[in-house]
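What follows is the residue order along each chain.
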Amino acid sequence: MKPWDNEKTCKFESLNPTKNKIMRRLLLFFFMLFSGFGFSQNLDLETFYERSGNKETPRYKETLEYCRKLQAASPKVHLLSFGKSAQGRDLPLLIMDKQGFTNPVAIRKAGRTILLVEACIHPGESEGKDAGLLLIRDLITKKIPIKLLDKVSILFIPIFNVDGHERFGPYNRINQNGPKEMGWRVTATNLNLNRDFLKADTPEVQAWLTLFNRWLPELFIDVHTTDGADYQYVLTYYMDTSGNLDPEVAGWSEKTFLPLWTAKLSAAGIMAFPYIEFRDWHNPKSGLEKDVTPPMFSQGYTGFRNRPGLLLETHMLKSYEKRVNATYQALLASLEIMSDESAKITAIVTKADKTCSSESFRKSPFPLRFETLTHDSTMVDFLGIAYEEVKSSISGETWFKYGDKKLSYQLPYFSKTRPVMTIQLPEAYIIPAEWSTIIERMEFHGIRLYRLKRDTTLEVTTYKFSNPKWQANPYEGRHPLTNFSTEEIRVKKTFMAGSALVDLSQPSARIIIHMLEPKGMGSLVSWGFFDAIFEQKEYGEHYVIEPMAEKYLKDDPKLKAEFEQKMKSDSVFAKSADQILNWFYMKSPYWDQSKDIYPIGRIMERRQLEGLKKIATLQ
């Protein structure tokens, strides 16, 4: 049984249902009694952030205590756990629904869409936690219109990286203006959750994927604090509107949501601007650029799952109070738009899911990689801060020293992208049973799989790799494969019982493609899941290969010419006896024919796939 199949297993073990029910009634009674005197009289629902004079953020324990108060204060709010961290902490989830539903089926039957807000994926960036708690509190107390819940239900993750959150201290963000103390960027195992959405190495992201697949929210918001340059904006944001997104999802994001959202922020006095990424990292004069977000990032991932994803980045040098307020207004504006656009966005994401399952989707060339156009930009007004370039006597570099004077100027904005690599999609992929780690990763993503019931020999297309190069330093606990060449080949191979068929005719098609196509953005190949196939496991002794090489050169003029060319063109090879003799070993029938061959097959014909489904079981 999965945790979601039984609501009680989702609740924190520390909650006493009987005691909680009594407390809820008492708090609700006192709240109703004193609500006529104004919210300031109801100190019980004042947040830790407010009590600190808007300068501090609560620890994990204090956050959960306040979440329980919200649950006790309103039957519309439920506190659940959607998983466990590496150190065994519960991953908290607040659900706020007009009728108190905690089941997505019931909520959607009631005609409501779902907004998922995530905070503290980087716990040093805690505005989302405090703003989200304020928003839910203000909905309970009707400080903001409760009618907003008529069409929308809220899922709120106040702390995603709970272990990193508890590495609490005043020195975790060197370039940030408050709060007084905060959590640490990465998990207890030193991994960044916002690089893990595709590879899913962490228990936290694995739990998040289960949550996402069950709820499939119509809008996702991830709250961060930026670093980098100084400028006037309190809030920057990023929402993908190109690349691999479904055209209608991208169109709604660009032409409906963002114009309405930025207008609401402006009316609330919030200065906002698209996410600021200078072409040269610290140099404003270099201009701004926008790239296609890969699915290892949260909002990139949700976009590939046909759901709009909004990244919020408050400016780290603004006061914590201003950053929390900007986040609050951004969440409120999003909720208002979701309320007004509920039916429309539901229809758009439903259609996008169907499009991914269509034959026309699979028959069209699929773009795998994109580039930002460097010759096509627009000039934008930028509200910056005056700075000077200073030559460092310490590091020797030129650095940018910001002052206090506000400065407005125009910058080129490079936001247009184009595909630079496309592929012809298969009808399905087949994953050999022995690659169970890959099958497991597909299951985390909620991807529909069929398992072969018996050993089956198939002819499939796949790839042969050459010239692999790995990154020297580790990245997110792995040594990524950064460069390689591929050649498409056909192979005849026996797939054992338990091998997994992955039909591309499903809503998750875009994620499947980028996971299993070696040159996809953040593919499992690039993350090192298949490194073993590049290893040579058998070798020949020199005394065996020397006479074999002599015979090959004598009997095969073509091979001799190839060898002589190799000796001339590769000086390292020419000086290495091991490389030379291994080259002849590679030409022999003893060579491992599976080395450098991608084990996952591509099934190109629907007829072949349908035949295989007859001897497979749907999981």
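Since the structure is predicted, the reported quantities are computational estimates derived from the model, not experimental observations. (Residues numbered from 1 in each chain as written. Predicted model: local features only at pLDDT ≥ 70, side-chain atom pairs only at ≥ 80, totals over all residues. Heavy atoms only, no water.)

As for empty space enclosed by the protein
Turning to step 1, where the next piece is worked out: Counted by the stated rule, this structure contains three cavities of 30 Å³ or more.
Turning to step 2, where the next piece is worked out: Along its surface, the largest cavity is lined by D227, G228, A229, Y231, I276, E277, F278 and W281.
Turning to step 3, where the next piece is worked out: Its residues assigned to classes, the lining of the largest cavity shows five nonpolar, one polar and two charged.
Turning to step 4, where the next piece is worked out: By volume, the second largest cavity amounts to about 50 Å³.
Turning to step 5, where the next piece is worked out: Around the second largest cavity, the lining residues are T47, F48, Y49, P58, E62, T63, Y66, D130 and L133.
Turning to step 6, where the next piece is worked out: Top contributing element to the lining of the second largest cavity by residue count: helix α4 (residues 60–73), with three residues. (1 Å grid on protein atoms, 1.4 Å probe; cavity = no way out; pocket = protein on both sides within 12 Å on 5 of 7 lines; lining within 4 Å. Points joined across faces, edges and corners; volume = space filled by probe spheres on them. Nonpolar A, V, L, I, M, F, W, Y, C, P; charged D, E, K, R; others polar. Helix = DSSP H or I, 4+ residues; strand = E, 2+ residues; numbered from the N terminus.)

What about the pairing of strand β1 (residues 77–84)?
Turning to step 1, where the next piece is worked out: Of all eight residues in β1, seven are buried, a share of seventy percent or more.
Turning to step 2, where the next piece is worked out: Across six bridges, β1 lies against strand β2 (residues 90–96) in antiparallel orientation. Each residue of the ladder has a partner; that of K84, found in β2, is D90.
Turning to step 3, where the next piece is worked out: Once β1 ends, the chain turns through five residues before running back antiparallel as β2, passing G88 with a positive phi of about 90°. (Buried < 20%, exposed > 50% of the residue type's maximum accessible area, 1.4 Å probe, protein only. Pairing = 2+ DSSP bridges.)

A short note on the environment of T302
Turning to step 1, where the next piece is worked out: Its place among the elements puts T302 in helix α10 (residues 298–304).
Turning to step 2, where the next piece is worked out: Considering only alpha carbons, one finds T302 and L245, 57 residues apart in sequence, at a separation of 9.7 Å.
Turning to step 3, where the next piece is worked out: In contact with T302, other than residues within four places in its own chain, are W208, F212, F220, R307, P308 and G309. (Contact = heavy atoms within 4.5 Å.)

Considering the sheet that holds strand β7 (residues 272–274)
Neighbouring strands of a sheet are bound in pairs by backbone hydrogen bonds; such pairs are parallel or else antiparallel.
Turning to step 1, where the next piece is worked out: Spatial strand order, β1-β2-β4-β3-β5-β10-β6-β7: eight strands in an open sheet with mixed pairing. Each end of this open sheet is capped by a strand with a single partner; those strands are β1 and β7. Ignoring which end each strand starts from, the neighbouring axes of this sheet average 25° apart.
Turning to step 2, where the next piece is worked out: Note: strand β5 (residues 219–225) against strand β10 (residues 309–314), six bridges, orientation parallel. (Axes fitted to C-alpha atoms, helices over the stretch in contact; angles between N-to-C directions.)

Let's talk about the nonpolar core
Turning to step 1, where the next piece is worked out: Counting residues in hydrophobic clusters, the biggest one holds 71 residues, and the most contacted among them are W208 and L516.
Turning to step 2, where the next piece is worked out: In terms of residues, this core owes the most to one element, helix α8 (residues 203–215), which gives seven residues.
Turning to step 3, where the next piece is worked out: Ignoring sequence-local partners within four residues, the contact set of W208 consists of F82, L116, E118, I157, F160, F197, F220, Y301 and T302.
Turning to step 4, where the next piece is worked out: Grouped together as the second largest cluster of nonpolar side chains are 59 residues, L94, L139, V223 and L335 included. (Core = buried A, V, L, I, M, F, W, Y, C linked by side-chain atoms within 4.5 Å.)

Thoughts on the pattern of salt bridges
Turning to step 1, where the next piece is worked out: All chains considered together, the criterion is met by 39 salt bridges.
Turning to step 2, where the next piece is worked out: Notably, a salt bridge pairs R112 with D97, separated by 2.8 Å at the nearest N-O pair. Taken together, the residues R112 in the loop between α5 (104–109) and β3 (113–118) and D97 in the loop between β2 and α5 connect sequence positions 15 residues apart. A single burial state applies to R112 and to D97, both of which are buried.
Turning to step 3, where the next piece is worked out: Here R441 ties to D201 by a salt bridge, and the two come within 2.6 Å at their closest N and O atoms. Of this pair, R441 sits in helix α14 (residues 436–444) while D201 sits in the loop between α7 (162–165) and α8, and the two are 240 residues apart along the sequence.
Turning to step 4, where the next piece is worked out: Taken together, the salt bridges that share partners define one network made up of R362, K363, E427, D503, R606, E610 and K613. (Salt bridge = Lys/Arg side-chain N within 4 Å of Asp/Glu carboxyl O.)

What about the confidence of the model for the protein chain?
Low pLDDT marks regions whose predicted coordinates should not be analysed in detail.
Turning to step 1, where the next piece is worked out: Taken over all residues, the pLDDT of the protein chain has a mean of 93, while the share at 70 or more is 93%.
Turning to step 2, where the next piece is worked out: Across residues 1–19, confidence stays below pLDDT 50; counting only partners more than four residues off in sequence or on other chains, it has 29 contacts. (pLDDT = per-residue confidence, 0-100.)

Focus on unusual backbone geometry
Turning to step 1, where the next piece is worked out: For the bond running from G178 to P179, omega is 5°, close enough to zero to count as cis.
Turning to step 2, where the next piece is worked out: Among the secondary structure elements, P179 is positioned in the loop between α7 and α8.
Turning to step 3, where the next piece is worked out: Even without glycine at this site, K142 takes up a positive phi of about 65°.
Turning to step 4, where the next piece is worked out: Along the polypeptide, K142 turns up in the loop between α6 (127–140) and β4 (152–157).
Turning to step 5, where the next piece is worked out: Judged by its relative accessible area of 60%, K142 is exposed.
Turning to step 6, where the next piece is worked out: Located in the positive-phi region is L216, a residue other than glycine, with phi close to 40°.
Turning to step 7, where the next piece is worked out: The residue L216 is located in the loop between α8 and β5 in this model.
Turning to step 8, where the next piece is worked out: A relative accessible area of 25% means that L216 is categorised as partly exposed.

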